[in-house]
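# Structure assessment
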Amino acid sequence: MPAPRRCPPWAMQFFSYETPKSVVVRSWVMGAMHRAVQLLILAYFIGWVFLHEKAYQVRDTAIESSVVTKVKGIGRYAGRVLDTADYVTPPQGTSVFVVVTKQILTEQQAQGLCPESEAAFRCRSDRDCRDRSPTSGSGLLTGRCVPYNGTLRTCEIRGWCPPEVDTVDVPIMLEAENFTLFIKNSIRFPLFGFEKANLPPPGAGGDLGRCRFHPQLQPLCPILRLGDVVRLAGQDFRTLATTGGVLAIKIGWVCDLDRGGERCLPRYSFTRLDGLSHATGYNFRHARYHHCQDGTERRTLTKAFGIRFDVLVYGHAGKFGIVPTLINTVAAFTSIGVGTVLCDIILLNFLKGAEHYKACKFEEVSGAGAAVGPLWGCHRAGSGHTGMCGAGWGVNTQAVPLIPVVPWPWGRD
């Protein structure tokens, strides 16, 4: 009878099977550690995932919002009395608007030739003007050096004359600090069909026109004093009115619809958006045109400094859903198994007697102890078992006693 063929090592590794083995370790230390880890994981899912993050809810973050604004107040500037139409732009009451606090006017400008007003374009001869870029901040250079006043000469330009001089000191409109801003905000969460506004419902009582926003006393009032907005953003009103700036009025709608829609209320917060920029401040230019009796077109150029307000709306709504509840519940019970993995690492590597625990936990049962049928046609070397294919019982008594091996259906060769 021919000797059975030996199986190569890769075949024995590939055609092997692992099954979990349960080992009970009666140790107060390991038992207490195991339960403590399980309790920590359970507390994390109950306290943070379910109660704090509300992972059992379906979330709608696609908030739909509309904002309407209106500024009120009367100010005085350069001997004139200004109302909303004079200092608010754009006038449509959008979510982004500017309250102008300082203006530099250049009146009666007309197209023609004149000396440039910027100090960078001072010259002594025409050569100094020809070696420059063909444009300046106010017009096109002609290449000539002409007198600016009795002592200075600058390059000549073609454009709107006289050019703007924006280095002069002009006053600011301090009355703007007491102007009021009314914000009407309507939101909708389309997933739940839920709508809400930042205004009190009809018949709620109270005089809306008399309230003023206060973060503690009246946090829901939609009428805000501009000086309070600047202060709550951490800025000084006089400084901001001088240089200009960009402020954000953020309205947050974080709604738990399981508690009822009446408890879905807005929260206001304020911050400056241009504070980290190297070129802080905000200004822009605009012009008003008119025709004189001689037919020439003239304009008044205004460089306006002001505070730009951006009303930003954000939020999300949540409501109980069976699918996220089941998913996170399964994740919680699955994560409890992490405690077993951690305790196994400590038990098998760091505790005294780790080798003994390893011997109890990991046990190898050689399939070569049983007869290997002709399906493989090979025999494991060094198995120490003398049985061949067709043996009734093949047991490796040194490894696992009393384990029957199913006899192969084939007879002996």
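As a starting point, this report considers the structure included with it. Because the structure is predicted, anything quoted here is derived from the model rather than measured. (Residues numbered from 1 in each chain as written. Predicted model: local features only at pLDDT ≥ 70, side-chain atom pairs only at ≥ 80, totals over all residues. Heavy atoms only, no water.)

In this section: the overall build of the protein. A count of helices and strands for the protein gives eight helices and 17 strands. Relative to its full complement of 413 residues, the protein shows a buried share of 35%. (Helix = DSSP H or I, 4+ residues; strand = E, 2+ residues; numbered from the N terminus. Buried < 20%, exposed > 50% of the residue type's maximum accessible area, 1.4 Å probe, protein only.)

What follows deals with a nonpolar patch on the surface. Among the surface-exposed residues, Phe320, Ile322, Val323, Leu326 and Ile327 lie close enough to one another that they form a single nonpolar patch of about 520 Å² accessible area. The dominant element in the nonpolar patch, judged by the number of residues it contributes, is helix H7 (residues 322-349), at four residues. In this fold, Ile327 is placed in helix H7. (Patch = residues over 30% accessible without salt bridge, like charges linked within 9 Å, V, L, I, M, F, W, Y side chains within 5 Å. Areas by Shrake-Rupley, 256 points an atom, 1.4 Å probe, with all protein chains shown as cover. Salt bridge = Lys/Arg side-chain N within 4 Å of Asp/Glu carboxyl O.)

Right, let's talk about the pattern of salt bridges for a bit. Evaluated as defined, the whole model comprises 12 salt bridges. When the shortest N-O distance is used, the salt bridge between Arg231 and Asp228 registers 3.5 Å. Taken together, the residues Arg231 and Asp228, both in helix H5 (residues 226-232) and three residues apart, mark about one turn of the helix. When its relative accessible area of 17% is taken as the criterion, Asp228 is described as buried. Salt-bridge contacts for Asp310 lead to Arg308; the nearest nitrogen and oxygen are separated by 2.9 Å. A relative accessible area of 25% means that Arg308 is categorised as partly exposed. Salt bridges linked by common partners bring Glu164, Asp166, Arg285 and Lys303 together as one network.

With 44 residues, the main nonpolar core has Tyr87 and Phe309 as its most contacted residues. Residue assignment for this core shows that the elements contributing at least two residues are strand S3 (64-72), strand S7 (96-115), strand S10 (180-189), H5, helix H6 (237-243), strand S13 (245-256), strand S14 (267-272) and strand S16 (297-320). Per-element tally for this core: the top contributor is S13, with six residues. If sequence neighbours within four positions are ignored, Tyr87 has contacts with Val71, Lys72, Gly73, Ile74, Leu82, Val98, Val99, Val100, Met173 and Phe179. Core analysis: the second largest hydrophobic core is formed by nine residues, Cys114, Cys123, Cys155 and Ile157 among them. (Core = buried A, V, L, I, M, F, W, Y, C linked by side-chain atoms within 4.5 Å. Contact = heavy atoms within 4.5 Å.)

Attention shifts here to the packing of aromatic side chains. With the rule as written, the count across this model stands at eight aromatic pairs. Ring geometry for Tyr282 against Phe284: centres 6.0 Å apart, planes inclined by 50°, an arrangement best described as tilted. Among the aromatic side chains, those forming a connected cluster through ring pairs are Phe213, Tyr268 and Phe270. Above the face of the Phe305 ring, Lys102 is positioned so that its terminal group lies 4.2 Å from the ring centre. (Phe/Tyr/Trp six-rings, centres within 6.5 Å; stacked < 30°, edge-to-face > 60°. Lys NZ or Arg CZ within 6 Å of the ring centre and 35° of its normal.)

Turning our eyes to something else, we now look at the packing of H7 against helix H8 (residues 354-361). Packing of H7 against H8 brings their axes to within 6 Å, and their N-to-C directions diverge by 120°. Judged by the angle between their axes, H7 and H8 are oblique. Contacts from Asp344, Leu347, Leu348 and Asn349 in H7 reach Ala354, Tyr357, Lys358 and Lys361 in H8. Taken together, the residues of the contact of H7 with H8 break down into four nonpolar, one polar and three charged. (Axes fitted to C-alpha atoms, helices over the stretch in contact; angles between N-to-C directions. Parallel < 35°, antiparallel > 145°, perpendicular 65-115°, else oblique. Nonpolar A, V, L, I, M, F, W, Y, C, P; charged D, E, K, R; others polar.)

What follows concerns the side chain of Thr180. By the secondary structure assignment, Thr180 is in strand S10. Overall, Thr180 belongs to the buried group, its relative accessible area being 17%. Those residues within four positions of Thr180 in sequence are excluded, and the remaining contacts are Lys70, Val71, Lys72, Arg212, Ile223, Leu224 and Arg225.

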